[in-house]
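Structure at a glance
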Amino acid sequence: MTSHHGQHVDVGAYILGVLDPEDLEAFEQHLAGCAVCAAEIDELSGVAPLLAELAEAGPVAAPPSPQLLDRLVGEVSATRRRNRVRRLALVAAAAVLVVGGPLATLAATSGDTHTPPAATAQFAATDPGTGVSAQVGVEPKKWGSSISLSLSHVSGPKVCDLVAVSRTGERQTVTTWSVPPTGYGTEALQTTGGAALAPGDIDHFEVRTVDGNQLLVSVPAKAA
């Protein structure tokens, strides 16, 4: 038989829907005469729909202990009185404990709504003279731009670098690498680097040889 204190603890399990039939019946009998638990459940009336939506993402894992559930629900209840956004974040965090699958990657935030990461812009070009093909990815960062390069149809041996050229003519070396004697055919070289320039400040990219400063391919940093 669940104690009176234990039935108070069952508020968390009841809200999250993990009570077994026997405990559920006992708790509902207790709830009929307990103003404390009734007020707590009323306070958390928006939790169940949220959990139902989250549960669609994956199977339910083994439930956490009633003590942990009660603590989590208590935190949610107290936080709701201070800030609705923080309440929903805590509820989402509690749901991760009982819902498996893709929700393992859920990020529960306690401030403004989450801003999704900016997409990486892709630019490509092939030089008709050298035959070199390059694809450049540019992702904005607080410090400038994270840049990836895929390069193919380059003969070797040689040492090359990727240069970001700004709209005002400023030049910044992104990365440097060596091409083996066998060169790079259809199996492209993959390398990454960075520049202090913001993506919107970059006019184009140049792949050049370090010795002789030969331009192998120029890639405009704008949509075709």
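The coordinates are above.
Cut-off values and rules
Residues numbered from 1 in each chain as written. Predicted model: local features only at pLDDT ≥ 70, side-chain atom pairs only at ≥ 80, totals over all residues. Heavy atoms only, no water. Salt bridge = Lys/Arg side-chain N within 4 Å of Asp/Glu carboxyl O. Buried < 20%, exposed > 50% of the residue type's maximum accessible area, 1.4 Å probe, protein only. Helix = DSSP H or I, 4+ residues; strand = E, 2+ residues; numbered from the N terminus. Contact = heavy atoms within 4.5 Å. Patch = residues over 30% accessible without salt bridge, like charges linked within 9 Å, V, L, I, M, F, W, Y side chains within 5 Å. Areas by Shrake-Rupley, 256 points an atom, 1.4 Å probe, with all protein chains shown as cover. Lys, Arg positive; Asp, Glu negative; His and termini not counted. Charge placed at Lys NZ, Arg CZ, Asp CG, Glu CD. Arc of directions from axis to C-beta. Core = buried A, V, L, I, M, F, W, Y, C linked by side-chain atoms within 4.5 Å.

Further remarks concern the pattern of salt bridges. Under the definition given, this model contains four salt bridges. Ionic pairing is found between Lys141 and Glu139, a salt bridge with its closest N-O pair at 3.6 Å. Note on Lys141: relative accessible area 37%, which makes it partly exposed. On the basis of relative accessible area, Glu139 is assigned to the partly exposed category, the value being 24%. Notably, a salt bridge pairs Glu206 with Arg208, separated by 2.7 Å at the nearest N-O pair. Grouping residues by exposure puts Glu206 and Arg208 together as buried.

What follows concerns the environment of His153. Structurally, His153 can be placed in the loop between strand S3 (144-152) and strand S4 (158-166). Look at His153 and you get partly exposed, because its relative accessible area is 40%. When the C-alpha atoms of His153 and Val132 are compared, they prove to be 5.0 Å apart, with 21 residues separating the residues in sequence. Beyond its immediate sequence surroundings of up to four residues, His153 is in contact with Thr130, Gly131, Val132, Ser133, Tyr184, Gly185 and Thr186.

This paragraph deals with a negative patch on the surface. Negative charge collects at one region of the surface, where Asp20, Glu22, Glu25 and Glu28 lie side by side. Mapped onto the elements of the fold, Glu25 is located in helix H2 (residues 21-31).

If you check which residues of H2 are buried, you get Ala26, Phe27, His30 and Leu31. Angular distribution of buried residues about the axis of H2 spans 140 degrees; they occupy a single face of the element. For H2, the exposed residues lying more than 90 degrees away from the buried face are Pro21, Glu22, Glu25 and Gln29.

Time to look at the nonpolar core. Across soluble globular proteins, nonpolar side chains have a tendency to be buried as a group. Grouped together as the largest cluster of nonpolar side chains are 27 residues, with contacts concentrated most on Leu151, Leu162, Trp177, Phe205, Val217 and Val219. Taken together, the elements giving at least two residues each to this core come down to strand S1 (121-126), strand S2 (133-141), S3, S4, strand S5 (171-179), strand S6 (189-195), strand S7 (202-209) and strand S8 (215-220). Look past the residues within four positions of Leu162 in its chain and what remains in contact with it is Ile147, Leu149, Gln172, Thr173, Val174, Thr175, Trp177, Phe205, Glu206 and Val207.

Worth remembering: the numbers are spatial, not functional.
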